[in-house]
Amino acid sequence: MFSTSFSRLFTLCSALAALSVGYAAPHVPRAQVPSGPKFVIYTDAAIGGGTVLPPLEQIKGFNVVNLAFLLTTGPADQAANWAALPAAQRQQLKQQYNSAGVSLVVSAFGETEHPTSQDPTTVANNLAQFVLNTDLDGIDIDYEEFELVVQQPGVGEAWLTTLTQTLRQKLPQGQFILSHAPVGPWFQPSFCPGGCYLTVDKNVGALIDWYNIQFYNQSPSPGYEDCNTLLNSAGGSSIFEIQKSGVDVNKLVIGKPGTTADITNGGFIDPATLGTCVQQAVAGGWNAGVMAFQFPHADTNWITAVKGSSFAA
């Protein structure tokens, strides 16, 4: 995902330290896994004013906050800000947000990291330990090795398969969230020689709670800038085309940018228009939910307009 990544310039030493030291013994209550549609808001840019999490009153209507990003070298951006909080404060915030129906998740990798050269089992164990050590409800995998999946068939798919299997060993299903955030075209048949996320879904889809699909940064084609390409006709990568490829339609969360400032290559749909697309999707049997990148450009006003009356209260 497109991000404001100034804080990723921190040193390797401090990053490694963030993974392994400075935390109290893990406080691991049962994590909160939302049922029904998922309404996910990413937070990558620092909020300021001593606040790490988006204020609840400003994200009413969302039920998952994804803190970006956790790298193999340690947490960056909002993930680092969360990790830096005292353990007691993290636990208090988790209880507060969970009580309000909001789960707290960390998102791994993003656009700036290509982790496939590293052992997936080791990477997964380190990612899972971060979740356990920092009082989170789960992890989101934002894998973006665009050149590799085209040039090295099967390599990325196998890596993601092992990563997912290992994560589930430490973060059991039903107790912790495990989502992935692929770009839309990675569900298009024949887009990747190795199958991309159609292969990942066949291998380990049963272990993945849902997909925060990035339906943006894909202009001019398929674009995903209208309801038709988003839902029905995008060369195999629209919502209902992905369903026809065998993926559970209610795992296909529609991901969109909050504003044009949150993208580099198209895909923005204004919230009111997106709401009409969502209404059409619900009428077609879809009920997965909506993802937004990122706060504060997407907030309670954004998600209220997008949801409209499409979802039961």
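Everything discussed here concerns the structure shown above.
Remember, it's a predicted structure, so these values are computed and weren't measured experimentally.

A. Inspection of the packing of helix H4 (residues 120-133) against helix H6 (residues 155-170) at higher detail. Where H4 contacts H6, the axes come no closer than 8 Å and their chain directions differ by 40°. Between H4 and H6, the crossing angle belongs to the class labelled oblique. Helix-helix and strand crossings are classified by hand; for H4 and H6 the assignment is right-handed. Residues Pro 120, Thr 121, Val 123, Ala 124, Asn 125, Leu 127, Ala 128, Gln 129 and Leu 132 of H4 form the contact with H6, whose participating residues are Trp 159, Thr 162, Leu 163, Thr 166, Leu 167 and Lys 170. Of the residues in the contact of H4 with H6, the class split is nine nonpolar, five polar and one charged.

B. Highlighting the nonpolar core. Core analysis: the largest hydrophobic core is formed by 98 residues, its most contacted members being Leu 127, Ile 139, Ile 141, Leu 163, Leu 167 and Trp 286. With residues near it in sequence (within four places) discarded, Leu 163 still touches Phe 109, Pro 120, Val 123, Ala 124, Leu 127 and Ile 141.

C. Molecular detail of the pattern of salt bridges. On inspection of all chains with the given rule, the structure shows three salt bridges. Across the pair Asp 135 and Arg 90 runs a salt bridge, and its minimum N-O distance is 3.2 Å. On the criterion of sequence distance, the pair formed by Asp 135 in the loop between H4 and strand S5 (138-142) and Arg 90 in helix H3 (residues 87-99) is long-range, its members being 45 residues apart. With relative accessibility at 2%, the residue Asp 135 sits in the buried group. Assessed through its relative accessible area of 1%, Arg 90 is described here as buried. Where Arg 168 meets Asp 209, a salt bridge forms, and the shortest distance between an N and an O atom there is 2.9 Å. Of this pair, Arg 168 sits in helix H6 while Asp 209 sits in the loop between helix H7 (196-204) and strand S7 (210-214), and the two are 41 residues apart along the sequence.

D. Geometry of the side chain of His 180. Summarising the element assignment, His 180 is placed in strand S6 (residues 177-180). A polar side-chain atom of His 180 sits 2.7 Å from a polar atom in the side chain of Tyr 197. For His 180, the residues in contact, after removing those within four places along its chain, are Asp 140, Ile 141, Leu 160, Thr 164, Tyr 197, Ile 208, Trp 210, Tyr 211 and Asn 212.

E. Broad picture of the state of the cysteines. What the rule picks out here adds up to two disulfides. In this model, Cys 192 is linked to Cys 196 through a disulfide, with the two sulfur atoms separated by 1.7 Å. A torsion of -60° about the S-S bond marks the disulfide between Cys 192 and Cys 196 as left-handed. Cys 196 gets classed as buried once you look at its relative accessible area, which sits at 3%. Disulfide pairing places Cys 227 opposite Cys 277 at an S-S distance of 2.0 Å. For the disulfide bridge between Cys 227 and Cys 277, the dihedral angle about the S-S bond is near -85°, and by the sign convention the bridge is left-handed. Here Cys 227, found in helix H8 (residues 227-231), pairs with Cys 277, found in helix H10 (residues 271-283); they are 50 residues apart in sequence, far enough to count as distant. Take Cys 227 and Cys 277: they sit in the same class, and that class is buried. Disulfides within the protein chain link the bonded cysteines, taken in sequence order, as 1-2, 3-4.

F. Here's a closer look at the packing of aromatic side chains. Enumeration over the complete set of coordinates arrives at 13 aromatic pairs. Measuring from centroid to centroid gives 6.2 Å for Tyr 143 and Trp 186, while their planes differ by 50°, and the two rings are tilted. Of this pair, Tyr 143 sits in the loop between S5 and helix H5 (146-151) while Trp 186 sits in the loop between S6 and H7, and the two are 43 residues apart along the sequence. Here Tyr 143 matches Trp 186 in class, with each residue buried.

G. Just the environment of Ile 254, in detail. Relative to the helices and strands, Ile 254 is located in strand S8 (residues 252-257). As a C-alpha pair, Ile 254 and Leu 70 span 184 residues in sequence and 22 Å in three-dimensional space. For Ile 254, the contacting residues outside a window of four places in its chain are Ile 213, Phe 215, Leu 230, Leu 231, Ile 239, Trp 286, Gly 289, Val 290 and Met 291.

H. Inspection of H6 at higher detail. Taking 1.5 Å of rise per residue, the 16 residues of H6 would be expected to cover 22 Å, and the 23 Å separating its terminal C-alpha atoms lies within 8% of that figure. Every buried residue of H6 is listed here: Gly 156, Glu 157, Trp 159, Leu 160, Thr 161, Leu 163, Thr 164, Thr 166, Leu 167 and Arg 168. Of the surrounding elements, those touching the buried residues of H6 are strand S4 (103-109), H4, S5, H5, S6 and H7.

I. Just unusual backbone geometry, in detail. For the bond from Phe 293 to Gln 294, the omega torsion is 10°, close enough to zero to count as cis. Between Phe 295 and Pro 296 the backbone carries a cis peptide bond, its omega angle lying at 10°. The residue Pro 296 is located in the loop between strand S9 (289-293) and helix H11 (300-307) in this model. Phi at Phe 109 is positive, roughly 80°, even though this residue is not glycine. Within the secondary structure, Phe 109 sits in strand S4. Of the residues examined, Phe 109 reaches a relative accessible area of 0% and is grouped as buried. Phi is positive for Ser 190, which is not a glycine, with a value near 75°.

Cut-off values and rules
Residues numbered from 1 in each chain as written. Predicted model: local features only at pLDDT ≥ 70, side-chain atom pairs only at ≥ 80, totals over all residues. Heavy atoms only, no water. Axes fitted to C-alpha atoms, helices over the stretch in contact; angles between N-to-C directions. Helix = DSSP H or I, 4+ residues; strand = E, 2+ residues; numbered from the N terminus. Parallel < 35°, antiparallel > 145°, perpendicular 65-115°, else oblique. Left-handed = near helix turned anticlockwise from the far one by under 90°. Contact = heavy atoms within 4.5 Å. Nonpolar A, V, L, I, M, F, W, Y, C, P; charged D, E, K, R; others polar. Core = buried A, V, L, I, M, F, W, Y, C linked by side-chain atoms within 4.5 Å. Buried < 20%, exposed > 50% of the residue type's maximum accessible area, 1.4 Å probe, protein only. Salt bridge = Lys/Arg side-chain N within 4 Å of Asp/Glu carboxyl O. Polar contact = N/O pair within 3.5 Å; in protein donor to acceptor, adjacent residues only side chain to side chain. Disulfide = S-S within 2.5 Å. Phe/Tyr/Trp six-rings, centres within 6.5 Å; stacked < 30°, edge-to-face > 60°. Expected span 1.5 Å × (residues − 1).

On their own, these measurements won't tell you what the molecule is for.
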